[in-house]
Amino acid sequence: QVQLVESGGGLVQAGGSLRLSCAVSVSRGSVNAMGWYRQAPGKQRELVAHISAGGWTNYSDSVKGRFTISRDNAKSMLYLQMNSLKPEDTAIYYCKVQVSIIIVTDYWGQGTQVTVSS
């Protein structure tokens, strides 16, 4: 029913940039809010950035001003542009979408590794 495929992760030096993509495939229902989360080793998964169906965005304080979330509804894509990367940004990054059929359900991608070297 719902498939999410992330790409764009990798190894980058501190100060560098990466762009994550999440291809969204939904056979039924409509996609509402979307977001990027990350989980570093030994830590809980945390919200990085969120974008509503209407395009409103919000960011965690740790990435505000460096990361930009965007969505292309026509292409069913979610993006995360990450600039000025820091070693503490190292984590597995997951995209999450809310799909509404009768109720709203969250779906997660498989994750993509981002490693920032100092």
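Our subject is the structure that appears above.
Just so it is clear, the structure is predicted and the values come from calculations on it, not from any experiment.

## Concerning the packing of aromatic side chains
Two descriptors summarise a pair of aromatic rings, namely the distance from one centre to the other and the angle between the planes of the rings. Overall, the coordinates contain 2 aromatic pairs when judged by the stated rule. On the numbers, 4.9 Å between centres and 65° between planes, the contact of Tyr 37 with Trp 108 is edge-to-face. With a gap of 71 residues between them, Tyr 37 in strand β4 (residues 30-39) and Trp 108 in strand β10 (residues 104-108) connect regions that are remote in the sequence. Residue class for Trp 108 comes out partly exposed when judged on its relative accessible area of 37%. Between Tyr 94 and Trp 108 the ring centres are 6.4 Å apart and the planes differ by 85°, which places this aromatic pair in the edge-to-face class. In this pair, Tyr 94 sits in strand β9 (residues 91-100) while Trp 108 sits in strand β10, placing the two residues 14 residues apart along the sequence. Aromatic ring contacts, followed pair by pair, group Tyr 37, Tyr 94 and Trp 108 into a single cluster. Stacked on the ring of Tyr 79, the Lys or Arg Arg 19 has its end atom at 4.0 Å from the ring centre. Against the face of Tyr 94 rests Arg 45, its NZ or CZ located 3.7 Å from the ring centre.

Analysis parameters
For every chain, the first residue of the written sequence is number 1, and numbering continues from 1 onward in sequence order. Residues qualify for local features only when their pLDDT is at least 70, as the model is predicted, and side-chain atom pairs are given and counted only at 80 or more; totals for whole chains, interfaces and linings, by contrast, use all residues. The side-chain quantities take in all heavy atoms of the structure and omit both hydrogens and water. Working definition: rings of Phe, Tyr and Trp (its six-membered ring) pair if their centres are within 6.5 Å, and the pair is stacked with planes under 30 degrees apart, edge-to-face with planes over 60 apart, and tilted otherwise. A helix here means a DSSP run of H or I that spans at least four residues, while a strand means a run of E at least two residues long, and both kinds are numbered starting from the N terminus. In this scheme, a residue with accessible area under 20% of its type's maximum is buried, one over 50% is exposed, and one in between is partly exposed, where area comes from a 1.4 Å probe on protein chains only. In this analysis the charged atom, NZ for Lys or CZ for Arg, is taken to sit over a ring once it is within 6 Å of the ring centre and within 35 degrees of the ring normal.

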